[in-house]
Amino acid sequence: MSRIAARVLYFGRTALRGISASPITSAVAVATIAVCLVLVGGFALLVFNMEGLLDRFGGDLHVTAYLEPELSDARQLELAEVARSVEGVAAVRLVSADEAFERFRAGVARGADYLDGLGENPLPASLELALAPESQSAAGMAVVVESLDGLSGIDELSSGQDWVEGYLRALALVRGLGVGLGAILAVATLLIVANTIRLAVVARRDEIEILSLVGASPAFVRGPFLLEGLVQGAAGGALALLLLFGLFHLVLPSIAFGLELVLGGVAPSFFSGGQALGLVGSGALLGLLGAGGALAGDLRS
Amino acid sequence: MKFGRRLTPGAAPGPGGDAAIRAYHVSKSYAAGSFALRDVSLEVGRGEFVFLTGPSGAGKTSLLKLLFAAEHPSEGQILVLGRNVARLGDRAIPDLRRRVGVVFQDFKLLERRTIEENVGLALDVVGTSRREARAKVFAILKQLGLQHRRHHHPLSLSGGEQQRVAIARALVNEPEVLLADEPTGNLDPDLTVEIMDLIASAATRGTTVLVATHELGLVGRYGKRTVRLEAGRIVEDSRPRVAAP
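Residues numbered from 1 in each chain as written. Chains lettered and ligands numbered in written order. Predicted model: local features only at pLDDT ≥ 70, side-chain atom pairs only at ≥ 80, totals over all residues.

Asker: Pulling in residues and values, what's your account of the overall build of chain B?
Answerer: Looking only at helices and strands, one finds seven helices and ten strands in chain B. At 18 Å, chain B has a C-alpha radius of gyration in line with the 18 Å of a compact globule built from 245 residues. With the C-alpha coordinates of chain B rotated into their principal frame, the extents come out at 50 × 45 × 35 Å. Burial status across chain B gives 44% buried among its 245 residues. The contacts in chain B between residues at least 6 apart in sequence include a share of 71% that link residues at least 24 apart. (Helix = DSSP H or I, 4+ residues; strand = E, 2+ residues; numbered from the N terminus. Rg over C-alpha atoms; globule rule 2.2 N^0.38 Å. Buried ≥ 20, exposed ≤ 12 C-beta atoms within 10 Å, placed from the backbone. Contact = placed C-beta atoms within 7 Å.)

Shown next as C-alpha cells:
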C-alpha cells in the first residue's frame with residue numbers, strides 16, 4: 001500500500017473518530033447545513049422547473065395571424081407566402097375556418113353537442129407561423145409580429161410574447177431571490193462549519209501538539225479536520241436532498257393549485273441525478289471551505 | 001563514577017568529529033533583559049549519551065525546545081543533524097522532528113487512543129502502511145515489555161508503563177537523536193532506574209541521547225557526560241575519565 005493510501009486511511013479514521021467523539025455538535029452542524037440547503041434547494045427546484053417549462057414551451061412558440069372573414073382563397077395563399085418570407089419564420093400553415101372549427105370541437109370533447117346549435121362557424125381562418133430556433137424568444141416573436149402587423153387581410157395577430165416576457169420576469173425574480181438567499185445561507189453555513197471545526201480543534205489540542213512533536217506537517221494535521229468538514233457538509237447535503245424528496249412527494253399534492261399557476265399545469269419534476277449530486281456536492285464544498293476557514297492560520301504552531 | 005574536564009562557561013566546543021548537535025553561542029530570551037539561555041555552546045557527538053542537569057529554571061527545557069525546533073534561538077546558531085534550527089522554515093521542521101524523538105515528564109499520551117495507536121502516531125505521520133506499522137509497534141512494545149498492553153488505554157497503565165509507551169513512540173521511527181525532558185520526574189525511584197535503563201539502551205544502538213534531569217543521584221549512577229546549566233549558562237561539562245591502559 002502506498003504512503004498516500006496510508007495517509008488517506010489515517011485521515012478517514014481520524015475524521016470519523018472526531019465526528020463520533022462529539023456526536024451532538026456534529027449532528028447540529030449537519031442538521032443546520034441540511035436546513036440551509038433545503039431552503040436553497042427548494043428555490044433551485046422551483047427555478048429548474050420554471051426554466052424547464054420555458055424550454056418546453058420555447059420549442060413550441062408560434063405566432064397566429066387571424067385572417068379577416070370572407071377573405072378570398074387567393075389572398076389567403078398570398079398572405080401565407082408573405083408570412084413565409086418574414087425573418088424568423090420557419091414554416092407557415094394555413095388553417096381554414098372549417099379546420100379551426102373541427103379542432104375546437106375535438107378540444108371541447110363532451111361539450112361538442114352544444115356547438116351543433118351554433119348554426120354557422122364563428123371561427124376565422126388563420127396562418128400558424130412556426131418560428132425558427134433562433135427566434136424562439138420574446139424578441140423573436142416581436143420581430144415577426146411587427147413584420148405582419150397592418151398587412152391587409154390580417155385581422156389580428158396573437159403570440160405568447162407578453163406571457164413569455166412576464167414569465168421571464170417572474171423567473172428572474174425567483175432566481176434572484178434564490179441566489180440572494182443562497183448567498184446569505186452559504187455564509188451562515190460556512191460560519192457554522194467553521195465554528196464546529198474550531199471546537200474540534202480546541203478539543204483535540206493535545207493530539208495536534210503530539211502530532212506536531214512526532215513530525216506531522218501542517219497539512220497532515222489539517223487533513224482530518226478538512227475531511228471532517230467535508231463529510232459533515234456532504235451529510236448535510238444528502239439529508240437536505242432526502243428532506244426535499246419527501247417534501248416534494250408529500251407536500252406537493254396539497255399545493256398543486258398554486259404550482260399550477262406558476263408552472264402552467266405542467267407536472268413538476270424533481271432534481272435529475274446530476275442536480276442531486278450537485279446539491280450534495282455543494283454541501284460538501286461548503287463544509288470543506290468552512291473547515292478550511294477555521295484552520296487558516298490556526299495550526300501554525 | 002569519575003568526571004573529567006571542566007569547561008569555561010560559554011566556551012566554544014572543541015573540534016568534534018561527526019556531531020549530531022552543535023550549538024554556537026546560543027541565547028534565548030522571552031522578555032527583554034531576561035535570558036533563559038545565555039551564550040550556550042555545546043557539541044554532542046553521534047551516539048553520545050549526555051545528561052543535562054541543573055536546578056529548576058536553569059534552562060534545560062529551553063535548550064531542549066530549541067533542539068527540536070519548538071522555539072527559535074534569540075541569538076546564535078544550532079545545528080541538529082546538520083540542519084540549522086535557527087533558520088529552519090516551518091515546512092522543514094516536520095522533517096527534522098521525524099529524526100528526533102522526544103520524551104516528556106508528563107508522557108503526552110492520548111487518553112482515548114490505545115497504546116498501539118499512541119505509539120503508531122509516529123508511523124502514521126511518515127505514511128507507514130497499517131500492516132507495517134502494527135508490526136513495528138508490536139516489536140518496539142515487545143522490547144519494552146508492553147506488547148500485552150497494546151490494546152489498553154493509557155489511563156489503565158501505571159506511570160512507569162505510560163512512560164515506556166512514550167519512549168516506544170519516540171523510538172519506533174528509529175530516530176537519530178532522542179531528547180528526554182525530566183523523563184523520570186513523575187516516577188518512583190525503582191521505575192526511574194528502569195526507564196533510564198531503557199533510554200540509555202537507545203544510545204548503545206547508536207542514537208544520540210540528551211536527557212534533562214535534576215536528579216543528581218541518577219546522573220552519578222550512569223557515569224555519562226554531564227552538562228550542567230545554571231541561570232541559562234553552561235557552568236560545567238564533565239566527561240567520564242577513560243581508564244589508563
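Asker: Requested: an account of helix H4 (residues 130–143) of chain B, with residues and values cited.
Answerer: All names here are of chain B. With 14 residues, H4 should reach 20 Å at 1.5 Å per residue; the first-to-last C-alpha distance of 20 Å fits that figure. Turning to H4, its buried residues are Ala 133, Val 137, Ile 140 and Leu 141. The arc enclosing the buried residues of H4, seen along the axis, measures out at 100°, which places them on a common side. Facing away from the buried surface of H4 by more than 90 degrees, the exposed residues are Arg 131, Glu 132 and Ala 135. Residues of H4 that are buried make contact with helix H3 (115–125) and helix H5 (159–171). Taken from the residues just after H4, Gly 145 is the one with a positive phi, measuring 70°. (Expected span 1.5 Å × (residues − 1). Arc of directions from axis to C-beta.)

Asker: Can you lay out the pairing of strand E2 (residues 34–45) of chain B for me, pointing to particular residues and giving the numbers?
Answerer: All names here are of chain B. For strand E1 (residues 19–31) and E2, the ladder comprises eight bridges, and the chain directions are antiparallel. Each residue of the ladder has a partner; that of Ser 29, found in E2, is Phe 35. Where E1 hands over to E2, the hairpin turn is made up of two residues, of which Gly 33 adopts a positive phi near 80°. (Pairing = 2+ DSSP bridges.)

Asker: I'd like a description of the interface of chain B and chain A, backed by residues and values.
Answerer: Chain B puts 16 residues into the contact, and the matching count from chain A is 17 residues. Of all the secondary structure elements, the ones that give two or more residues to the side of chain B that touches chain A are helix H2 (93–97) and H3 of chain B. At four residues, the largest contribution of residues to the side of chain B that touches chain A is made by H3(B). Here the side of chain B that touches chain A is built from residues that sort into six nonpolar, three polar and seven charged. (Nonpolar A, V, L, I, M, F, W, Y, C, P; charged D, E, K, R; others polar.)

Asker: Go over the sheet that holds strand E3 (residues 126–131) of chain A, please, and point to the residues and values.
Answerer: All names here are of chain A. Spatially, four strands are ordered E2-E3-E1-E4 in an open sheet, and the strand pairing comes out antiparallel. Lying at the two open borders of the sheet, with one neighbouring strand each, are strand E2 (89–95) and strand E4 (154–159). Each strand of the sheet is rotated relative to its neighbour by a mean of 20°, with strand direction disregarded. In this structure, strand E1 (residues 62–67) lies alongside E4, joined through five bridges in antiparallel fashion. Bridging from a neighbouring strand, Tyr 66 pairs with Glu 156 of E4. (Axes fitted to C-alpha atoms, helices over the stretch in contact; angles between N-to-C directions.)

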